[in-house]
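Residues per chain are reported as follows:
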Amino acid sequence: MMEVTFHDRKPEIKEIMDILSMKPRLVTFVYGPINSGKTELITHLIEQLPEDYVVFYINLRTKFLASYDDFIESLFEMEMETYGSMRKQKETFAELVSGVTKVTGIPITKEFIDYVFKDNKPKNAFSYMIKLFEGVTHSGKQPVLVLDELQKIGDVKVNGPLIYELFNFFIDLTKELHLCHVFAVTSDSLFIERVYSEAMLSERCKYLLVDDFDYKQTMDLLEGYGWGEREKEIAWHSVGGKPVSLVRLINEKGSEKKIEDVIGSMFMLRTGEIETRLKLVKELGDEMMICDKRCDVHHEKLVSALKMFVTREEIGMNEVDEVSKRYLVKQNILFVDPLSKTLKPQSKLNLLAIRDVMKDV
Ligand SMILES: Nc1ncnc2c1ncn2[C@@H]1O[C@H](COP(=O)(O)OP(=O)(O)O)[C@@H](O)[C@H]1O
Ligand SMILES: [Mg+2]
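Treat the numbers as computed from the prediction; the structure is a model and nothing was measured.

K.L.:
Summarise the packing of aromatic side chains; cite the residues concerned and give the values.
P.N.:
If you walk through the whole model with that rule in mind, you get 15 aromatic pairs. Measuring from ring centre to ring centre gives 6.4 Å for Tyr-31 and Tyr-207, while their planes differ by 90 degrees; the resulting arrangement is edge-to-face. In this pair, Tyr-31 is assigned in strand β1 (residues 27–31) and Tyr-207 in strand β8 (residues 205–209), connecting sequence segments 176 residues apart. In terms of burial, Tyr-31 and Tyr-207 fall into one category: buried.

In C-alpha cells form, the structure reads like this:
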C-alpha cells in the first residue's frame, strides 16, 4: 500500500492557528461534506501543535449515545484498565492534571466519578471539566476541547435536550471564562443548519468549512504520486477533490489496477444505491420527522429536486421543498451549506451518479 501523507489544507490550518493564538472567545464549528478530511485535518494539527497546548479530543463517531450515562462514559476516560492504572499512578486530582499529555481524552479520578454520574446532571460533568481545564491553565498550558461528530449528541435527552446544556457549557468555556478553545466537528449538514439558526449561539460561534480539495489542490496531490496529465484529469472529472476517493485511487493505481476500472466500480455502486433508494420511496413511501411533525416523502418531489443537478452542480438551498431537501441530505446524497445557502451533491461521484439515474426516471 502506498502511504499517502497529509496534503495541503494551508488556509484551514492558518485559520485554526489564528484562533489558537488568541484567547478563547468563540466556539468554532468545523463542518463539511462526508469524508472531506475534517478529522484528518484536526488530527494532523494536533500533532503539529507546540507542547504548551493540551488537546482533549473526543470522537463520538463510534460511541453509542442513548442516555446521560452513555454520554458521560464517552466523554471520560474511565475504562477498567485506565481506572486500574490511575489508582496506582494518579491518585489525586493534582497528579492527574500534571500528568495530562498533549493529546488525551478527559481523565477523571476515582473521587470525581460518582460526582459526575450523580443525579443525571450534565452540570456536574461540566463543572468537573472546568476544574480540570483550570488546573491545566494553572500549569501554564492552554486547554483545547475538540468534539468530533458532535451531532451524535443531537437527540440525547436529559431533562430536556442535552445539546443545549452542552452549547451553554461551550459558551461558558469561551465567551464567558476564556478558559478553553472549543472545536465542534460534524459531517452532518442538517445539524449545522440547526446550529446556525440557534439563537443562543448567534454571535458566539464561528464556522469553518472543510470542503473537498479544489482543482489545483487535487492536481498537486496526484502530481506528488507521479500521476500523468491524462490520469489526473480522469480522476478530477470522476471523483473531484474528495480526499478519501483520491487516496483510494492512488493506492489502487499503486497496486497496478487501471484507474478507469476502479472509478467504474465506484460509480456503479453509488448509482445502484441511489436507484434503490428512489425505488423504495416510490413503492413503499417514506416519512421524516421535522420539528416533531411526521412528513411524507414524495418520490416525484425527490426526482424533481435531483433533476436540478442535471445541468447545475450547485443550487440554492431553498429551491427544493424542505422535506425532499432534508431527506436527500439525510441519505448522504446532498450536502447543505447554511452559510452560503447552497445545496450540492456530497461529492462529484454523487453528482455523476445523480445525473445517470435521472436519465432513466
Ligand atoms: N489533507 C489530507 N491529506 C491526505 N489525505 C487526506 C486528507 N484529508 C483526508 N484524507 C483522507 O481521506 C480520508 C477521510 O478523511 P476524514 O478526515 O476521515 O473525513 P471526515 O472527517 O471529513 O469525514 C482520510 O482517512 C484520509 O485517508
Ligand atoms: Mg470525521
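K.L.:
Kindly report on the pairing of strand β12 (residues 334–337), identifying the contributing residues and their values.
P.N.:
Neither face of β12 is left uncovered, since the one carrying Leu-334 and Val-336 and the one carrying Phe-335 and Asp-337 both have all their residues buried. Direction of pairing for β12 relative to strand β13 (residues 342–345): antiparallel, over a ladder of four bridges. Bridging from a neighbouring strand, Val-336 pairs with Leu-343 of β13. Two successive antiparallel strands, β12 and β13, enclose a turn made up of four residues, where Lys-341 displays a positive phi of approximately 55 degrees.

K.L.:
Describe the sheet that holds β12, with residues and values.
P.N.:
Read across the open sheet, the three strands follow the order β11-β13-β12; overall the sheet is antiparallel. Lying at the two open borders of the sheet, with one neighbouring strand each, are β11 (315–316) and β12. In the packing of helix α15 (residues 322–330) onto the sheet, contacts are made with β12 and β13, and the angle to β12 comes to roughly 115 degrees.

K.L.:
Can you lay out the pattern of salt bridges for me, pointing to particular residues and giving the numbers?
P.N.:
Counted under the stated rule, the structure contains 24 salt bridges. Residue Asp-18 is joined to Lys-14 by a salt bridge in which the shortest nitrogen-to-oxygen separation is 2.7 Å. Of this pair, Asp-18 and Lys-14 both sit in helix α1 (residues 10–21), four residues apart, roughly one helical turn. Classification of Asp-18 by relative accessible area gives partly exposed; the value is 33%. For the salt bridge of Lys-216 with Asp-220, the shortest nitrogen-to-oxygen distance reads 2.8 Å. Within this pair, Lys-216 and its partner Asp-220 are both found in helix α10 (residues 215–223), separated by four residues, close to a single helical turn. Through salt bridges with shared partners, a single ionic network connects Glu-193, Glu-322, Lys-325 and Arg-326.

Calculation rules
- Residues numbered from 1 in each chain as written.
- Chains lettered and ligands numbered in written order.
- Predicted model: local features only at pLDDT ≥ 70, side-chain atom pairs only at ≥ 80, totals over all residues.
- Heavy atoms only, no water.
- Phe/Tyr/Trp six-rings, centres within 6.5 Å; stacked < 30°, edge-to-face > 60°.
- Helix = DSSP H or I, 4+ residues; strand = E, 2+ residues; numbered from the N terminus.
- Buried < 20%, exposed > 50% of the residue type's maximum accessible area, 1.4 Å probe, protein only.
- Pairing = 2+ DSSP bridges.
- Contact = heavy atoms within 4.5 Å.
- Axes fitted to C-alpha atoms, helices over the stretch in contact; angles between N-to-C directions.
- Salt bridge = Lys/Arg side-chain N within 4 Å of Asp/Glu carboxyl O.

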